[in-house]
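Here's the letter readout for the chains.
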Amino acid sequence: MSALPSLTIEKDLQPSLQEEVYVHDVYNAIAPHFSQTRYKPWPIVESFLKSRPKYSIGIDVGCGNGKYLNVSEDLFIIGTDRSSGLIHCGQEISKNKYNLSIADGLSLPHPNNTFDFAISIAVIHHFANENRRIEAIQHILSKLRQNGQCLIYCWALEQESSRRGYKEGDEQDILIPWVLQKKQKKKARNSKNKTSKTNNHEKNSPDTILDDIEPQPEEEVETKYRYYHLYKKGELAQNALATKSCKIIEEGYEKDNWWVILEKI
Ligand SMILES: C[S@@+](CC[C@H](N)C(=O)[O-])C[C@H]1O[C@@H](n2cnc3c(N)ncnc32)[C@H](O)[C@@H]1O
């Protein structure tokens, strides 16, 4: 199966407008479909959460449908996301049990210097210039108490083993397609279609980013594009250190993503 091509961005679009059009509008438009593909915790995120001391309090910034909010019963986690559509999905999934609210990652409503930990998984790469990405990390850190820790994941430029094949030297600021199934024609509602649905929802390992699946012939589809900054090796830690508010505890690469654990100083 070949992937739809990614597109290069309109460079003269203001970063906040770029995010409005190519991040926020898109997540709202794809929310129910996107949410169906996001339910399984990524292993390093799960082990970060499970290694927090009992009764720690934390925030999940850009929590999507809140899939990390119930990983550990021993923690209290507040999730925020800019997408009202995804917050709504999280409320439905949890029957209103998750602590969720709509907020922008650059203006979180929480008190400063409060939380024991934070996570922000696959979010910072959606900010459309480096200053805003650093500011977003800084803002998360501002909510942590001293020595509080934060796990951040961003999509990597180095994805040579994935079918997309992005690699060092490629354009880092790109638009990535998400194929949204608009409507199924009657004819497609048979067992063959069930197979295609399973393919579309190859749920959900970290390396399986389910956003550029080729349309099946009998489906009516619409393609939406999301802005991503693909992080190259070392860049995420560099952005974090540029905040001058943290030290790096651990960093690594997992299935097309760079991750760091930061400690607030
Ligand atoms: C790839 S999804 C990841 C969702 C979730 N963290 C997960 O791992 O399933 C990216 C999320 O970032 C959110 N997001 C993007 N820009 C944001 C911003 N400025 N403030 C808050 N959330 C944002 C999107 O709405 C979306 O839910």
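What counts as what
- Residues numbered from 1 in each chain as written.
- Predicted model: local features only at pLDDT ≥ 70, side-chain atom pairs only at ≥ 80, totals over all residues.
- Helix = DSSP H or I, 4+ residues; strand = E, 2+ residues; numbered from the N terminus.
- Buried ≥ 20, exposed ≤ 12 C-beta atoms within 10 Å, placed from the backbone.
- Contact = placed C-beta atoms within 7 Å.
- Near = placed C-beta within 6 Å.
- Nonpolar A, V, L, I, M, F, W, Y, C, P; charged D, E, K, R; others polar.
- Pairing = 2+ DSSP bridges.
- Axes fitted to C-alpha atoms, helices over the stretch in contact; angles between N-to-C directions.
- Right-handed = clockwise from strand over helix to strand, strands pointing away.

Asker: Help me out: how do you make sense of the overall build of the protein in this one?
Answerer: If you tally the helices and strands in the protein, you get six helices and ten strands. Taking all 265 residues of the protein together, the buried fraction comes to 37%. Intrachain contacts of the protein at a sequence separation of at least 6 include 71% that bridge at least 24 residues.

Asker: What exactly am I supposed to notice about the site of the ligand here?
Answerer: Close to the ligand lie 17 residues, the nearest being G62, G64, R82, S83 and G105. The residue makeup of the shell around the ligand, split by class, is seven nonpolar, five polar and five charged.

Asker: Mind showing me how you'd approach the pairing of strand 2 (residues 57-61) here?
Answerer: Across a regular strand the side chains alternate sides, sitting on one face of the sheet and then on the other. Among the five residues that make up strand 2, four are buried, leaving the element largely enclosed by the rest of the structure. Taken together, the five bridges between strand 2 and strand 3 (residues 76-81) define a ladder with parallel strand orientation. Across the sheet, residue D60 finds its bridge partner in strand 3, namely G79. Bridge count between strand 2 and strand 5 (residues 115-121): three bridges; the pairing is parallel. In the sheet register, D60 faces strand 5, and the bridge partner there is I119.

Asker: Whenever I open this one, the sheet that holds strand 6 (residues 144-155) confuses me. Can you help?
Answerer: Hydrogen bonding along the main chain pairs the strands of a sheet, whether they run parallel or antiparallel. The seven strands lie next to each other as 4-3-2-5-6-10-9, forming an open sheet whose pairing is mixed. Either end of the sheet is taken by a strand with one partner, and the two such strands are strand 4 (99-102) and strand 9 (246-254). Each adjacent strand pair in this sheet contributes to an overall mean axis angle of 15°, direction not counted. Packing against the sheet, helix 3 (residues 84-93) makes contact with strand 3 and strand 4, and its axis sits at approximately 165° to strand 4.

Asker: Help me out: how do you make sense of the pairing of strand 3 in this one?
Answerer: Of all six residues in strand 3, five are buried, a share of seventy percent or more. The sheet contact formed by strand 3 and strand 4 spans four bridges and is parallel. By the bridge assignment, T80 is partnered in strand 4 with S101. For the crossover from strand 3 across helix 3 to strand 4, the handedness is right-handed.

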